[in-house]
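Observations on the three-dimensional arrangement
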Amino acid sequence: MVGRPIPAYSAASMSTLTPNPGNLEFAAPALIAGARLTTWLSAEGEIEELSSAAAIARARDEIPIACHAIATAYRLGARTFAAYDILELFAFTRPAQFCLPTPGGLAIALNLAPPRDAAEGALALQGAARALLGELAAGHGIPERRRERERERLGALAMTMARAGWRWGPAVLAALSVPSDNSSGGLNAWHRLPEREDGPPPPTPSDYAIGPDAAREKLAALIGAGAESRPQQFDYAAAAAGAFVPRQEADMPRLVLAEAGTGVGKTLGYIAPASLWARRNGGTVWLSTYTRNLQRQIDGELDRLYPDPKQKRRNVVVRKGRENYLCLLNYEDATKSLATAPGGTVALGLIARWVENSRDGDMVGGDFPSWLATLFGGGTIAGLTDRRGECIYSACRHYSKCFIERSRRESERAEIVVANHALVMSRAVLEAGSGQLPMRYVFDEGHHVFDAADSAFSAHVAGSEGAELRRWLLGNEAGRGRGGARGGRARGLEARIGDLIGGDDGLAIQQNVLRAAGALAAPGWLQRLTDGAPSGPMEVFLAKARQVVLARVDNDRSPYGLEVSVQEPAADLLQAASEAATSFEALRRPLLELGRHLIARLDGDADELDTPTRLRIEAAARSLKRRADMVQAWRSMLLDLELDTPGHFVDWFAIERVAGRDRDIGMHRHWVDPSQPFAEAVLRPAHGVLITSATLRDNPPDAPNDWSAAEVRTGALHLPLPAERLSLASPFDYPGATRVLVVRDVNRNKPEQVAAAYRELFLASGGGALGLFTAIQRLRTIHERIAKPLDEEGIPLLAQHVDAMDTGTLVDIFRAEENTCLLGTDAVRDGVDVPGRSLRLIVFDRVPWPRPDILHRARKKSFGDGYDDMIARLRLKQAYGRLLRRADDKGVFVMLDAMLPTRLTTAFSPGVEIQRVGLAEAIQKTRAFLNYY
Ligand code: SF4
């Protein structure tokens, strides 16, 4: 399609959007890709609307400014296209600062007028470029005395990036007034980080109790005089104090289960007694969440407790698994190995800017912009964290500056650690009996404890896991000889801990480990299994497992994952399992022996080992023990194939597939009731625990106040002392502020009918709608049908599994842009916390029944017939609860599945009328209810 000029529109007529350009010479067109047409603003200020093909062709001649080049290319239907990505310039100029990856987000971050449409958005991109280059030229935010030195430093880094082809390079160098023969450098960001100073370990906390009155008083102080007083919040704080009294007998923790409806104010409600306990006893309370979003919110709420940022920094640590943080040694290795990769130096340059400015080095949800990861492909970023457990601790030259070590050390001294369920559970297993585990926990989003435990306590004899362990032991065999291995650590165990072993005995044990590792799945295993040419005992077993899966499923060509039971295994499968189990035992023994050998050195060589070496030895022994335990779990699974699976486990074989391609093959073991190991590993050793959520209890029609589901899913049933229980209703007016509509005349199996329903409902609400799906494929189908018509009406549509952005970023955009709609599946349902008009309509495509897989079947058998209803009801309750986050919010909940059983409708607030209506009436009611909102 040929471009359609819009003559009345020019940059000159919108001078209010144009920041002071100074005397910078940079000029380029700007482009905004819509679902239907692309808006193109020339460097001279003329606007056109182009088809995608025309925009791609134009971009070849005149490189435009775009916001998020990868997502833009995706929208245009191109694999890549040349652009000045404004986000790169933002990341260089304002490192570690938050900005939504949209024209509106940039405008807000840069204090420009927010754009109202695509044309103003394009103009905002040009304005943002000038503003950012202007900041660089002016040395914005840098004290006068340091400005010249900083300019030289930034100039050297920009020169490095420009020589590697960074499109912004020349403009940045011009803004910094750097001559064209300037020297390059600046990737060595570790030089500019402060050294950590360690002190002695903190003493054991004392045992003073926090009473209900003290908790109420503390809450009053936190809220401050004149703030709105919510009596339920004070009752909540008083009850939460029950988790902060000393336990009287070993293994008998105080457990409080507290369900508090939205708006009670539970975060400050538990921070009050938790902070009092920590201060009075000199201890640390761990606040654990399921989603990153809540972790971020709690961190924000803690500003009330520690208004002084320095004080907060001393007392609050946001802690995640080590795979989330930048490993400086990996980064340093990458500056050598990635520098020649396409885009490698540019990515590293932007990361260098972030490293120097980051609060804590967290690359996943911290101050590292998630869009920066997508700009360069997730693999580049993932390779910079300590994902593979290759840390060498004090042997590392960056040890005293290491982000991971700093976070670990600081959390030992902090009063409050904000963590997540997965980390809490893995630490409880790894550090059992070490004396290092927290005594007090608060689990917020407690309704997710069961799912988090399900992942944390499961085991998988899978090709991916075997190959990962082999690599940890033998190093990157695939990269050897091609210069592909990253530094010495990637050469495996020998390179990482060989210097700690000391003596021939130890070296002999190490050789036994390395020899036995040869039985694990090796690089190229997946292809060999597909070709029917497995190599070594583990691959042979996996090949047999694959054969069983393909033999027992109905459709072996399904594009989705396949799974089958392990019952009645054939003789050749049992034989392969037995041989693999033998090989695992041959590995487990020397792994344990090597760990014991290292620990013995701590005693035998006590006079010659310095403290860092001792710490390294302890860490190495822990790592070896962890791997030996994992191998033992694999071995048990394989040996059990000959017997019946123990009653508390469920086993199955599976082929994992993505878009029809095999990704992994293996045998899986989950607990039927994962709250059991959770209770043993986490709850029992603790002294006091609060588990809280807005949706802890199920509300079946015949037992609306029943706690049994909450007690089963939190592990309370497995403790000797009964839990203290509290339930507080939401203070919000759900019957007045929400509507629940069940549409009875849309055929859920007809995509055209479902799409029409989504489209018209989204139009009726004027946007601000969340579409929830129980299957990714249905989401994609509906997205394809409704994106353009909504775009024509000025309603942008985002979609998880479609847009080239991570879920957190999509939710951030949805939150910030009032009329944007979002389609998503489970992660969106659980991770959305959007107050105000941005979320005023939720449309569910189907009743969210659990998937009837093997694991679910076993749980249903164990927990009874009501299990399906309970899961579906809790999911509906979660989703419905998203509508009201503030007292003045309003919202409509629409279920497009006429098959919603009445017994599930107790998921909605008491008093809310459930209206079963036709689609036309649902549209009309939605429009009428939200009209003046
Ligand atoms: S101490 Fe470990 S995690 Fe930290 S930078 Fe060094 S190798 Fe990486």
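Here, the structure is the one placed above.
Details of the side chain of Glu585
Note that Glu585 resides in helix α25 (residues 571-604). We classify Glu585 as buried; its relative accessible area is 11%. Side chain to side chain, Glu585 and Arg589 meet in a polar contact 3.0 Å long. Setting aside residues up to four positions removed in sequence, Glu585 forms contacts with Pro590, Gln632 and Arg635.

Section: the side chain of Asp812
Note on placement: Asp812 falls in helix α32 (residues 807-816). Apart from residues no more than four positions distant in its own chain, Asp812 is found in contact with Phe98, Leu100 and Arg296.

Some details on the packing of helix α22 (residues 504-516) against α25
As a packed pair, α22 and α25 sit with axes 8 Å apart at the nearest point and diverge in direction by 150 degrees. Judged on the interaxial angle alone, α25 and α22 are roughly antiparallel. Crossing of α22 against α25: the hand is left-handed. Residues Asp505, Gly506, Ile509, Gln510, Asn512, Val513 and Ala516 of α22 form the contact with α25, whose participating residues are Ala586, Leu587, Pro590, Leu591, Glu593, Leu594 and His597. For the contact of α22 with α25, the per-class residue count stands at 8 nonpolar, 4 polar and 2 charged.

Some points on the sheet that holds strand β13 (residues 562-565)
Taking strand neighbours across the sheet as the criterion, the 4 strands line up as β12-β15-β14-β13 in an open arrangement whose pairing is antiparallel. What marks the edges here is a single partner per strand, and that holds for β12 (459-462) and β13. Neighbour-to-neighbour, the strand axes of this sheet turn through a mean angle of 25 degrees, independent of strand direction. Alignment of strand β14 (residues 649-658) against strand β15 (residues 661-671), held across 10 bridges, turns out to be antiparallel. Looking at the pairing, Ala654 lines up with Gly666 of β15. Across the sheet, helix α34 (residues 854-863) is in contact with β13, β14 and β15; its angle to β14 comes to roughly 155 degrees.

As for the nonpolar core
Ranked by size, the top nonpolar core spans 65 residues in total, and within it Ile65, Ile86, Phe92, Trp168 and Val172 carry the most contacts. Broken down by element, the residue count for this core peaks at 9 residues, all from helix α5 (residues 118-138). If we skip the residues at most four places from it in the chain, Phe92 touches Leu136, Leu154, Leu157, Ala158, Met161, Trp166, Val172, Leu350 and Arg353. Core analysis: the next-biggest nonpolar cluster, separate from the first, contains 55 residues, Trp472, Leu602, Phe653 and Met667 among them.

A word on the site of the ligand
Around the ligand sit Arg322, Cys327, Leu328, Leu329, Cys391, Ile392, Cys396, Tyr399, Cys402 and Ile404, and that is every residue in its neighbourhood. A class-by-class count of the residues in the shell around the ligand yields 9 nonpolar, no polar and 1 charged.

Considerations on the packing of helix α18 (residues 421-430) against helix α27 (residues 675-683)
Put simply, α18 and α27 touch, their axes get as near as 9 Å, and they point 70 degrees apart. Relative to α27, the element α18 is oriented roughly perpendicular. The element α18 and its partner α27 pack so that their crossing is left-handed. In this structure, α18 uses Val424, Met425, Ala428 and Val429 to contact α27, whose residues at the interface are Phe678, Ala681 and Val682. When the residues that make up the contact of α18 with α27 are grouped by side-chain class, the tally is 7 nonpolar, no polar and no charged.

What counts, and where the lines are drawn
- Counting of residues starts from 1 at the beginning of each chain's written sequence and follows it residue by residue.
- Given that this is a predicted model, residues contribute local features only at a pLDDT of at least 70 and side-chain atom pairs are listed and counted only at 80 or more, while totals for whole chains, interfaces and linings are drawn from all residues.
- For the side-chain quantities, the full set of heavy atoms in the structure was used; hydrogens and water were omitted.
- Numbering goes from the N terminus for both helices and strands, where a helix is a DSSP run of H or I of at least four residues and a strand is a run of E of at least two.
- Residue burial is assigned from relative accessible area. The probe radius is 1.4 Å, only protein chains are included, and a residue is buried under 20% of its type maximum, exposed over 50%, and partly exposed in between.
- In protein, a polar contact requires one atom able to donate a hydrogen and another able to accept it; more generally it is a pair of N or O atoms within 3.5 Å, and residues adjacent in sequence count only if both atoms are side-chain atoms.
- Here, two residues are considered to be in contact whenever any of their heavy atoms come within 4.5 Å of each other.
- Note on geometry: axes are C-alpha line fits, over the in-contact stretch for helices, and angles between N-to-C directions span 0 to 180 degrees.
- Comment on the angle field: the value is read as roughly parallel under 35 degrees, roughly antiparallel over 145, roughly perpendicular from 65 to 115, and oblique elsewhere.
- By definition, turning the near helix anticlockwise from the far helix through less than a right angle yields a left-handed crossing, and turning it clockwise yields a right-handed one.
- Note on residue classes: Ala, Val, Leu, Ile, Met, Phe, Trp, Tyr, Cys and Pro are nonpolar, Asp, Glu, Lys and Arg are charged, and everything else, Gly too, is polar.
- Whether two strands pair comes down to DSSP finding at least two bridges between them.
- Here the nonpolar core consists of buried residues drawn from Ala, Val, Leu, Ile, Met, Phe, Trp, Tyr and Cys, with membership extended through side-chain atoms lying within 4.5 Å.
- We call a residue near a given molecule or strand whenever any one of its heavy atoms falls within 4 Å of it.

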